[in-house]
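A look at the structure
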Amino acid sequence: MATYTLPELPYDYAALEPVINPLIIELHHDKHHAAYVKGANDTLEQLAEARDGDAWGSINGLEKNLAFHLSGHILHSIYWHNMAAPKEGGGGEPLAADGVGELADAITGSFGSFAKFRTQLSKAAATTQGSGWGVLAYEPVSGRLIVEQVYDHQGNVGQGSVPILVFDAWEHAFYLQYKNQKVDFIDAMWGVVNWQDVARRYADAKDRTPLITP
């Protein structure tokens, strides 16, 4: 059975300074993300043992663990590529002049303006109860972009929606540098958003044929 693997970072630990310092990137990727990969693989093994032994007493916990660790792995895999250093084109806002006009138009059409979208995603990320994420997702039934709050790694999302931009608001993503000032971290994150990556994810999600009836 195929297992999940920790993807390599698309840049070195220091690439996102001063927004995110190298130690945070190293610990976040090498320890936290790696733990989600291991957790997903361990849970798959435990589910296989349950099937082989026809022993289902722990099924609820195992399914919850799989969702938690697998979602953590997927969201972090998007997160690393959603960021780029300003010198590499990160930050600002999506513009037609940069080849991401379709994404820019979709944001304006779904939220009224880029400024309104930025505020909504920032508020969603900052106010997620406990640990979680703020997410920009493509919703295939309406064909619009929506902002979601992801508690831990899972809940409060539209089923079938595809994440294209994720803001990690877990404390391990910022505490060593920003202490308890989550809002400051989220505000700084806009300086490293890789709009080229977000635009590619938007185009890919939009081009899929949803097998969902409105």
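One can find the structure itself at the top, above this paragraph.
Below is a summary of the structure that appears in this document. (Residues numbered from 1 in each chain as written. Predicted model: local features only at pLDDT ≥ 70, side-chain atom pairs only at ≥ 80, totals over all residues. Heavy atoms only, no water.)

1. Observations concerning the layout of surface pockets
This is how the line gets drawn: Grid points spaced at 1 Å and placed over the protein atoms alone form the basis of the search, with a cavity being a set where a 1.4 Å probe fits but cannot get out and a pocket an open set showing protein on both sides within 12 Å along at least five of seven lines. Lining residues have an atom within 4 Å of a point. Grid points are joined across faces, edges and corners, and a volume is the space filled by probe spheres set on the points. Runs of E in the DSSP output that reach at least two residues are strands. Runs of H or I that reach at least four are helices, and both are numbered from the N terminus. Gly falls in the polar group here, along with every residue not listed as nonpolar (Ala, Val, Leu, Ile, Met, Phe, Trp, Tyr, Cys, Pro) or charged (Asp, Glu, Lys, Arg).
Taken as a whole, the largest pocket holds about 300 Å³ of empty space. Secondary-structure elements contributing two or more residues to the lining of the largest pocket are α2 (59-81) and β2 (144-151). Among the elements that take part in the lining of the largest pocket, α2 stands out by supplying 5 residues, more than any other. Split by residue class, the lining of the largest pocket holds 8 nonpolar, 7 polar and 1 charged.

2. Things to note about the sheet that holds strand β1 (residues 132-139)
Put simply, the rule is: Strands qualify as paired when DSSP identifies two bridges or more between them. The axes are straight lines fitted to the C-alpha atoms, using for helices just the contacting stretch, and the angles between their N-to-C directions are given from 0 to 180°. Contact definition: two residues touch when any of their heavy atoms are within 4.5 Å.
Spatially, 3 strands are ordered β2-β1-β3 in an open sheet, and the strand pairing comes out antiparallel. Edge positions in the sheet fall to β2 and β3 (162-168), since each of these pairs with one other strand and no more. With direction set aside, neighbouring strand axes in the sheet form an average angle of 25 degrees. The sheet contact formed by β1 and β3 spans 6 bridges and is antiparallel. Bridge assignment links Y138 to a residue of β3, and that residue is V162. Along the sheet, helix α3 (residues 101-111) makes contact with β1, β2 and β3, crossing β2 at roughly 75 degrees.

3. Quick look at helix α1 (residues 22-53)
Rules: Expected span, for any helix, means 1.5 Å times one less than how many residues it has. To obtain the bend at a residue, axes are fitted to the seven residues ending there and to the seven starting there, and the angle between these axes is taken. Pairs of N or O atoms within 3.5 Å make up the polar contacts considered here, provided that, within protein, one atom can donate a hydrogen while the other can accept it, and that residues adjacent in sequence are counted only when both atoms are side-chain atoms.
The terminal C-alpha atoms of α1 lie 45 Å apart, and with 32 residues this matches the ideal 46 Å at 1.5 Å per residue to within 8%. Along α1, the helix axis deviates most sharply at H28, where the bend reaches about 30 degrees. The N-cap residue of α1 is N21: its side-chain oxygen and the backbone nitrogen of L23 are 3.2 Å apart. Positive backbone phi, approximately 50 degrees, marks D54, located one or two places after α1.

Spatial relationships are all this shows, so hold off on functional conclusions.
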